[in-house]
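# Geometric and topological summary
If you want the building blocks of each chain, they are given just below.
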Amino acid sequence: MTRKTLLAAFALAASLAAPAGAQSVLRYAPSSDLATLDAMITTATTVGQHGSMVYDTLYSLDENREPRPQMVGREEVSPDGLTYRMTLRPNLRFHDGQPVTSEDVVASLNRWMVRDTLGQLIKANLVSLTAEGGDTVVFVLSRPFPFLRLALGSIAGSQPIIYRRQDAAQDPFRPITTAVGSGPFRFIPSRYILGVGAAWERNPDYVPRDEPVSGLAGGKRALVDRVELHFIPDAATRGNALRRGEIDLIDQLPADMIPLLQRDRNVVVTRISSLASISYLRPNFLFPPFNDVRARQALALAVSQPDFMAAGYGTQEWWQPACFSFFGCDTPNGVQVGSEPYRQQNLERARTLLRESGYNGERIVLIGTSELPAQQALAEVAADALRRIGANVDLQLMDFASVQARRLSKANPNAGGWHLTPSALSGTGMWTPLLNVTINTNCEQRNYLGWPCNENIERLRAAYAAEPDAARRAAILEEMSRALWEFLPVILTGNYYSPFAWRREVSGVIRTAPLVFWNIEKR
């Protein structure tokens, strides 16, 4: 950090800590830094929180995960289900004063469809996506696609947020560096310093829907004047700042801090999502040993889910004893067909399979973060499990921003790449094969990090997306589950509920994932 940047960091920290006068200010310390301003480019939690404040989407998912109109005021669907005409509601404006137009929407969705798991399925069925007049968007499909609205309200993978068209025109694989949306909060660029903090102010021009909140749908009402992000890398320091009242809200508590905060009468400790998050190990499919399915099978047999979950999340009130569904076990799609060989740890069989894959003691680069205690613990348990089956593990722990950048690299692991990394995603984004980015096995290497390729799984995902009959979809889902356990795009390490904590002066936190900042009040 240069002297100039360091002085700016101190100035920002002082301004964020200063009394806010008559303003209502919500101060939160996230589990990871705001590493980029582009919420379409990454699945990182803090970036998604930023995106939900600054941008809006055509649809949003309610508490039952059903899509409801958000930016859309009126929709018309042709009798054959091939044409959708969506008209924007009036008075939608970007933070720079420009009206939101149908051309902005078309440009944004074209950028999104290149990146997103479900967006790619839409694009494969799309005849045309056009702007009609200034406020209407028209989808013409080659065949019915019953999950179009779900896709346009998705919070999994790349979010279908609506940019200004000049921003959306940029390369979909390079992050946008501005943050001008039409959402309930406006980003304050002068308050953003990587590694220090950021701030957003209430957007006085935002017109919320005249509906009660339900999940991520309904009226987005900004009830505080400003939201401030204070980046505190050390988890224990975050927890102590909350206890002292210096911070109002934190997420992803370290396991050893939970009992201490639960005993504090001024603090609420709870879960906010009804669905568990899914923890997993993601192999890199581009290099040995994990490009060989036998090495992935060895890894799956080396895993004991209770070991991972206890290390990462403490007492069992925060995790499930075992779950062998790629879509979560507390969801309508919690099928576990095909998992039978992997439900018990078998180190001897794992050692044999690893040898049979051609592995001969080469270094395995396992990357994890030291900023998130749970993720560090999961990386350490994974390293231990691998060593127990004869692997030569190079565990590299770093800050989370570095992990995010490193895991996108397709370089050889001996030249700055990686072999394996632990991660997790919210059950809200994993519960259906339509949204679950970890099972996207698109062979063009435009899928989620690790870049698995399996045409059979992609065929099944496409068939599921096109099937209107629920019973037939259930049969496809079972076939897909069996195929996923044969291929192992990720190695499941458990289901858990993220503990959140906030001061009792804070109220109105919406019980959904991800955390959003509208509807929150502070006394």
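Preceding block: the structure.
Just so we're clear, the structure is a prediction, and the values are computed from it rather than from any experiment.

Cut-off values and rules
Residues numbered from 1 in each chain as written. Predicted model: local features only at pLDDT ≥ 70, side-chain atom pairs only at ≥ 80, totals over all residues. Heavy atoms only, no water. Axes fitted to C-alpha atoms, helices over the stretch in contact; angles between N-to-C directions. Helix = DSSP H or I, 4+ residues; strand = E, 2+ residues; numbered from the N terminus. Parallel < 35°, antiparallel > 145°, perpendicular 65-115°, else oblique. Left-handed = near helix turned anticlockwise from the far one by under 90°. Contact = heavy atoms within 4.5 Å. Nonpolar A, V, L, I, M, F, W, Y, C, P; charged D, E, K, R; others polar. Disulfide = S-S within 2.5 Å. Buried < 20%, exposed > 50% of the residue type's maximum accessible area, 1.4 Å probe, protein only. Salt bridge = Lys/Arg side-chain N within 4 Å of Asp/Glu carboxyl O. Pairing = 2+ DSSP bridges. Phe/Tyr/Trp six-rings, centres within 6.5 Å; stacked < 30°, edge-to-face > 60°. Lys NZ or Arg CZ within 6 Å of the ring centre and 35° of its normal. Expected span 1.5 Å × (residues − 1). Right-handed = clockwise from strand over helix to strand, strands pointing away. 1 Å grid on protein atoms, 1.4 Å probe; cavity = no way out; pocket = protein on both sides within 12 Å on 5 of 7 lines; lining within 4 Å. Points joined across faces, edges and corners; volume = space filled by probe spheres on them.

## As for the packing of helix α15 (residues 455-466) against helix α16 (residues 470-487)
Here α15 crosses α16 at 160°, and the two axes come no closer than 10 Å. With respect to α16, the axis of α15 lies roughly antiparallel. Every pair of crossing elements has a handedness; the one defined by α15 and α16 is left-handed. Across the interface between the two elements, Asn-456, Ile-457, Arg-459, Leu-460, Arg-461, Ala-463 and Tyr-464 of α15 pack against Arg-473, Ile-476, Leu-477, Glu-479, Met-480, Ala-483, Leu-484 and Phe-487 of α16. Here the contact of α15 with α16 is composed, by residue class, of ten nonpolar, one polar and four charged.

## Looking at the state of the cysteines
Counted according to the given criterion, the structure contains two disulfides. Each sulfur in the disulfide pair Cys-323 and Cys-329 lies 2.1 Å from the other. In this structure, the disulfide formed by Cys-323 and Cys-329 twists by about 95° around the S-S bond and is classed as right-handed. Among the residues examined, Cys-329 registers a relative accessible area of 28% and is labelled partly exposed. The residue that forms a disulfide with Cys-443 is Cys-453, at a sulfur-sulfur distance of 2.0 Å.

## What about the pattern of salt bridges?
All chains considered together, the criterion is met by 25 salt bridges. Glu-132 is the partner of Arg-85 in a salt bridge, and the nearest nitrogen-oxygen pair spans 3.1 Å. Residue Arg-85 is found in strand β5 (residues 83-88), and its partner Glu-132 is found in strand β6 (residues 126-132); the two are separated by 47 residues along the sequence. Using a relative accessible area of 27% as the deciding quantity, one classes Arg-85 as partly exposed. Here Arg-472 ties to Glu-467 by a salt bridge, and the two come within 3.8 Å at their closest N and O atoms. The class of Glu-467 is buried, set by a relative accessible area of 14%.

## Comments concerning the sheet that holds strand β11 (residues 249-250)
Two orientations exist for strands paired in a sheet by backbone hydrogen bonds: parallel and antiparallel. On the basis of which strands lie adjacent, the open sheet formed by seven strands has the order β8-β9-β10-β1-β11-β18-β12 and mixed pairing. A single partner strand is all that each edge strand has here, and the edge strands are β8 (185-187) and β12 (267-270).

## Thoughts on the sheet that holds β5
Read from one edge to the other, the open sheet built from four strands follows the order β4-β5-β7-β6, with strand pairing classed as antiparallel. Taken across any chain shown, the strands that pair with only one partner, and hence form the sheet edges, are β4 (72-77) and β6. This sheet shows a mean twist of 15° between the axes of neighbouring strands, independent of strand direction. Direction of pairing for β4 relative to β5: antiparallel, over a ladder of five bridges. Within β5, the position partnered with Val-72 by the bridge is Leu-88. Across the face of the sheet, helix α3 (residues 102-115) comes into contact with β5, β6 and β7 (136-141) while running at roughly 150° to β6.

## Some thoughts on the packing of aromatic side chains
Counted according to the given criterion, the structure contains eleven aromatic pairs. Ring geometry for Tyr-55 against Tyr-163: centres 5.3 Å apart, planes inclined by 70°, an arrangement best described as edge-to-face. Remark: Tyr-163 occurs in the loop between α5 (148-152) and α6 (165-168) and Tyr-55 occurs in the loop between α2 (45-54) and β2 (59-61); sequence separation between them is 108 residues. Looking at Tyr-55, the relative accessible area reads 2%, which means it is buried. Ring geometry for Phe-187 against Tyr-192: centres 5.7 Å apart, planes inclined by 70°, an arrangement best described as edge-to-face. Note on Tyr-192: relative accessible area 22%, which makes it partly exposed. Following the ring pairs from residue to residue traces out a cluster consisting of Phe-324, Phe-326, Tyr-342 and Trp-485. Between Arg-65 and the ring centre of Trp-431, over which it is positioned, the NZ or CZ distance is 4.9 Å. The residue whose ring lies beneath Arg-271 is Tyr-497, and the NZ or CZ to ring-centre distance is 3.7 Å.

## A few points about helix α12 (residues 373-388)
Each α-helix winds once per 3.6 residues, and so residues spaced three or four apart point in a common direction. The end-to-end C-alpha distance of α12, which contains 16 residues, comes to 23 Å, matching closely the 22 Å that a straight helix rising 1.5 Å per residue would cover. Burial in α12 covers these residues: Ala-374, Gln-375, Ala-377, Leu-378, Ala-379, Val-381, Ala-382, Ala-383, Ala-385 and Leu-386. Buried residues in α12 make contact with β13 (277-283), α9 (293-302), α10 (305-313), β14 (363-369), β15 (392-398) and β16 (420-425). Of the residues flanking the end of α12, it is Gly-390, one or two places downstream, whose phi is positive at about 95°.

## Re the pairing of β15
With seven bridges connecting them, β14 and β15 associate as parallel partners. Bridge assignment links Gly-368 to a residue of β15, and that residue is Leu-397. In this view, the connection linking β14 to its parallel neighbour β15 by way of α12 has right-handed handedness.

## Things to note about the side chain of Lys-220
Tracing the chain through its elements places Lys-220 in the loop between β9 (197-202) and β10 (226-230). Assessed through its relative accessible area of 4%, Lys-220 is described here as buried. Not counting the four nearest positions on each side in its chain, Lys-220 is found in contact with Tyr-55, Asp-56, Ser-60, Gln-70, Pro-184, Tyr-206, Pro-208 and Trp-518.

## Focus: the pairing of strand β17 (residues 491-496)
Remark: a regular strand shows side chains that alternate across the two faces of the sheet. Within β17, six of the six residues are buried, which leaves the element mostly enclosed by the surrounding structure. Note: β13 against β17, five bridges, orientation antiparallel. Bridge pairing in β17 places Ser-279 opposite Gly-494.

## Description of the environment of Gly-334
Within the fold, Gly-334 resides in the loop between α10 and α11 (347-356). The spatial distance from the C-alpha of Gly-334 to the C-alpha of Glu-478 is 9.8 Å, given a sequence separation of 144 residues.

## Some points on empty space enclosed by the protein
Following the criterion strictly, the structure yields four cavities of 30 Å³ or more and no others. In this structure, the largest cavity occupies an estimated 740 Å³ of space. Along the walls of the largest cavity sit 46 residues, with Thr-43, Thr-45, Ala-424, Leu-425 and Ser-426 positioned nearest its centre. Mapped by element, the contributors of at least two residues to the lining of the largest cavity are α2, β14, α13 (400-406), β16 and α14 (427-430). A per-element tally of the lining of the largest cavity places β16 first, with five residues. Residues of the lining of the largest cavity, tallied by class, amount to 21 nonpolar, 22 polar and three charged. Estimates place the volume of the second largest cavity at around 170 Å³. Ser-52, Thr-57, Ile-155, Gln-159 and Lys-220 are, among the 20 residues lining the second largest cavity, the residues nearest its centre. Looking at the lining of the second largest cavity, the elements that each hand over two or more residues are α2 and β2. A breakdown of the residues in the lining of the second largest cavity according to their chemical character gives ten nonpolar, eight polar and two charged.

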